[in-house]
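Each chain is listed here by its residues.
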Amino acid sequence: EISNEIPVLVAVNKCESEQTGPLAATEFWSLGLGEPFAVSALHGVGTADMLELMFQQIDEMGSAIRGFGTKVKELKAAKSDWLSNEPLEGEDKTDARLRRKYGVGDAAQRALDRYESAINAFDDSDRPEEINVAIVGRPNVGKSSLLNTIFGDDRAIVSDIAGTTRDSIDAVMERPSPAGSDKPSTLYRFVDTAGIRRKGKIEFGPEFFMVNRALRAIRRSDVVLLVMDATAGVTEQDRILAQKVADDGRACVIICNKWDAVVDKDSTTYDKSVKYFREELPQVRWAPIIFLSAATGQRVGKIYGTVDEAIKAHRKRVSTSVLNEVLRDAILWQPPPARRNGAQAKIYYCNQVSIRPPTVVIFCNDPKLVNDNYRRYLDRKFRESLEGFEATPIRWIFRGRRQRDLMRQKTMNGEPGDGGAGVSFPFPHAD
């Protein structure tokens, strides 16, 4: 059922042929919805006329947001002035003739400047940046239900059968700024992905490609909502997905869905659950945890604030002086371990080189002497000493000293056996 108050355009696709396309589209006059447009989505045939009519109808109804079509109207007016055969303001017939033939004159320059400004206005868009949020998890944990609850509408098909979602679904939401705030509104692009099973169970076919699209959604996202079933606990596949998120350097928020189905809850259930998920998911032990219910909407509203904090953490930058102060305290508290042969890592200084995620380069004498346990220790000490890294991984790059710096420290003309390079010119032991 279509209301008469809403304009309807009938687009008949796959009409590439100029001879048979319009003839095939005439059969759709029987729908009673107006003139059908013979278009081709693959080749772009007929889409310009349809879009122009759509723009006119939206503008006439006045249902669009304020300022809709202003740039298009300005461009049309500027183009009309530039191509006008009539004299413009401030010019006579002779000036108009020179403008049309040679493009000279003050009025011609004003018309040209107006036309260029109208075109450049399309590039100078003040549209806020979109925050890409990927919703990932195992099959049948409630990812599509969470998307529908966030939007308050049936954006995705929900079923008890695992594997209902076959492809990634993008949905954009604009969240207005708080009342009295000068901050612009925030745009979120939520991507509902297909459930990811174990690699050994995936056969080549539709599931293979939909899992690849889900993994691609993780790579192009800013924040990942890792959805898990609170009633089933943490599985091995959850750990694999958590490791994938950490390896890709994405900010992460752990979503424990179906919290309403947990039985025998008391005052200690929440703390015990947080401790359990922290212990079972060491790959993302820094990620915040939200216990919610997509079916009832319980605590779903907390997702926005948590995502905003994750974005800030993912783009956080710390000065070099503060980083080295924290590094010095960590080394004084626990020096790097030594090997059995007496070799021990010497850490000199560090520097943050990039964000998204925050990446810190630590310069030492030999990166091979810094084991994984000490790297995790440094990560923990930095998070304890610095605020704002609660929802993002930190990449650590250990870089050894360059060969050129090592050569400078060697004694060039020493005694045999003391490590001298003996490469001075012309002779090592010349007087």
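Note that the coordinates shown come from a computational prediction; the quantities given were computed from them, not determined experimentally. Numbers given for residues are sequential positions, taken from 1 along each chain in its written order. Note on the predicted model: pLDDT of at least 70 is required for a residue's local features to be given, and 80 or more for side-chain atom pairs to be given and counted; whole-chain, interface and lining totals, by contrast, use all residues. To obtain the side-chain values, all non-hydrogen atoms of the structure were used and water was disregarded.

Q: Looking at this structure, how should I read the overall build of the protein?
A: Helix and strand counts for the protein stand at 13 helices and 11 strands. Each residue is placed in one exposure class: buried if its accessible area under a 1.4 Å probe, protein chains only, is under 20% of its type's maximum, exposed if it is over 50%, and partly exposed if it falls in between. Out of the 431 residues in the protein, the part that is buried amounts to 35%. Contacts: residue pairs with any heavy atoms within 4.5 Å of one another. Put simply, 65% of the contacts in the protein that link residues at least 6 apart link residues at least 24 apart. Only the protein chains shown count as cover for residues, with accessible areas throughout obtained via the Shrake-Rupley method and a probe of 1.4 Å. Taken as a whole, the protein presents about 26,700 Å² of accessible surface, with 51% of it coming from carbon and sulfur. By the criteria applied, helices consist of DSSP H or I runs no shorter than four residues and strands consist of E runs no shorter than two, each listed in order from the N terminus.

Q: Help me understand the packing of aromatic side chains, please; the structure alone is not making it clear to me.
A: Remark: the centre distance and the inter-plane angle together describe each pair of aromatic rings, the angle taken between the planes. Pairing of aromatic rings covers Phe, Tyr and Trp, the last counted by its six-membered ring, and requires centre-to-centre distances within 6.5 Å; plane angles under 30 degrees mean stacked, over 60 mean edge-to-face, and any other angle means tilted. Overall, the coordinates contain 10 aromatic pairs when judged by the stated rule. Of the aromatic side chains, those joined through ring pairs into one cluster are W259, Y270, Y276, F277 and F291. Over the aromatic face of W259 sits the side chain of K265, whose NZ or CZ is 5.7 Å from the ring centroid. The aromatic ring of F389 is capped on one face by K316, whose charged end is 5.9 Å from the ring centroid. Our definition puts a charge over a ring when NZ of Lys or CZ of Arg is within 6 Å of the ring centre and also within 35 degrees of the ring normal.

Q: I tried to follow the pattern of salt bridges on my own but got confused; where do I start?
A: Pairs may arise between side chains of opposite charge once their charged atoms sit close together. One speaks of a salt bridge when a side-chain nitrogen belonging to Lys or Arg is within 4 Å of a carboxyl oxygen belonging to Asp or Glu. In total, this model carries 13 salt bridges according to the counting rule given. With a closest N to O distance of 3.3 Å, D170 and R220 form a salt bridge. You can see D170 sitting in strand β4 (residues 169-175) and its partner R220 sitting in the loop between α7 (206-219) and β6 (223-229), a full 50 residues away along the chain. Residue D308 pairs with R175 through a salt bridge whose shortest N-O separation is 3.2 Å. Separated by 133 residues along the polypeptide, D308 in helix α10 (residues 302-314) and R175 in strand β4 bring together distant segments of the chain.

Q: Would you mind showing me how to read the nonpolar core here?
A: As a rule of thumb, soluble globular proteins bury nonpolar side chains together. Residues belong to a common nonpolar core when they are buried Ala, Val, Leu, Ile, Met, Phe, Trp, Tyr or Cys residues joined through side-chain atoms within 4.5 Å. Formed by 30 residues in total, the largest nonpolar core has its most connected members in I254, F277, L281 and V284. Of all the elements in the fold, those that place two or more residues in this core are β3 (130-137), α7, β6, α8 (236-247), β7 (251-257), α9 (269-280) and β8 (289-291). Beyond its immediate chain neighbours, meaning those up to four positions away, F277 contacts M228, V234, C256, I289 and F291. Counting residues in each nonpolar core, the second largest holds 28 residues, with L147, A294, V300 and Y304 among its members.

Q: What is the right way to read the sheet that holds β3 from this model?
A: Think of a sheet as strands paired side by side through backbone hydrogen bonds, with each pair either parallel or antiparallel. Strands are treated as partners if at least two bridges between them are detected by DSSP. Taken in spatial order, the six strands make up an open sheet running β4-β5-β3-β6-β7-β8, and their pairing is mixed. Every other strand in the sheet has two partners, leaving β4 and β8 as the edge strands with one partner each. Pairwise comparison of adjacent strand axes, ignoring direction, gives a mean angle of 25° for this sheet. In this sheet, β8 lies alongside β7 in parallel orientation, the contact comprising three bridges. Bridge pairing links I254 to I289 in β8. Here α8 sits on the sheet in contact with β3, β6 and β7, set at roughly 175° to β6. Axis lines are fitted to C-alpha atoms, over the contacting stretch for helices. Their N-to-C directions set the angle, which ranges from 0 to 180 degrees. Of the strands in this sheet, β6, β7 and β8 touch α9, which is tilted by about 135° from β8.

Q: Please clarify how the environment of S354 should be interpreted in this entry.
A: Within the fold, S354 resides in strand β9 (residues 347-354). On the accessibility criterion, S354 (26% relative accessible area) is partly exposed. For the pair formed by S354 and R315, sequence separation is 39 residues and the distance between their alpha carbons is 8.8 Å. Discounting chain neighbours no more than four positions away, the residues touching S354 are R317 and T359.

Q: I'm lost on helix α5 (residues 106-120) in this one. Help?
A: Residue pairs spaced three or four apart in an α-helix point in one direction, given the helix's 3.6 residues per turn. With 15 residues, α5 should reach 21 Å at 1.5 Å per residue; the first-to-last C-alpha distance of 21 Å fits that figure. All buried positions along α5 are accounted for by A107, A108, A111 and A118. Along the long axis of α5, the arc covered by the buried residues comes to 100°, so they all point the same way. An expected span of 1.5 Å times one less than the residue number is assigned to each helix. Working definition: the arc comes from the directions between the helix axis and the C-beta atoms, pointing outward to the latter.

Q: Explain the packing of helix α3 (residues 70-83) against α5 to me, please; I cannot follow it from the model alone.
A: Helix-helix packing is described using two parameters, namely the angle between the two axes and the distance between the axes. For the pair α3 and α5, interaxial distance at closest approach is 9 Å and the crossing angle is 155°. With respect to α5, the axis of α3 lies roughly antiparallel. Along this stretch, α3 crosses α5, giving a crossing that reads as left-handed. In contact with E74, L75, A77, A78, K79, D81 and W82 of α3, α5 contributes A108, A111, L112, R114, Y115, A118 and I119. For the contact of α3 with α5, the residue count by class is 10 nonpolar, no polar and four charged. Any angle that is under 35 degrees is reported as roughly parallel, and any over 145 degrees as roughly antiparallel; angles of 65 to 115 degrees are reported as roughly perpendicular and all others as oblique. Each crossing gets its hand from how the near helix is turned against the far one by less than a right angle, where anticlockwise is left-handed and clockwise is right-handed. Each residue gets one label: Ala, Val, Leu, Ile, Met, Phe, Trp, Tyr, Cys and Pro are nonpolar, Asp, Glu, Lys and Arg are charged, and the others, such as Gly, are polar.

Q: Just to check I follow, could you spell out a nonpolar patch on the surface for this structure?
A: On the surface, a nonpolar cluster with roughly 250 Å² of combined accessible area is contributed by F28, L31 and L33. Tracing the chain through its elements places L31 in the loop between α1 (21-25) and β2 (36-38). To count toward a patch, a residue needs a relative accessible area over 30% and no salt bridge; like charges are then connected within 9 Å, while nonpolar side chains (Val, Leu, Ile, Met, Phe, Trp, Tyr) are connected within 5 Å.

Q: Is there a simple way to think about unusual backbone geometry in this case?
A: Most peptide bonds take the trans form, and the phi angle of most residues other than glycine is negative. With an omega of 0°, the peptide bond between R356 and P357 qualifies as cis. Mapping P357 onto the fold places it in the loop between β9 and β10 (359-364). The phi torsion at R299 lies on the positive side, around 60°, for a residue other than glycine. Taking relative accessible area as the criterion, R299 reaches 31% and is therefore assigned partly exposed. Backbone geometry places R356, a non-glycine residue, at a positive phi of 55°. Structurally, R356 is set in the loop between β9 and β10.

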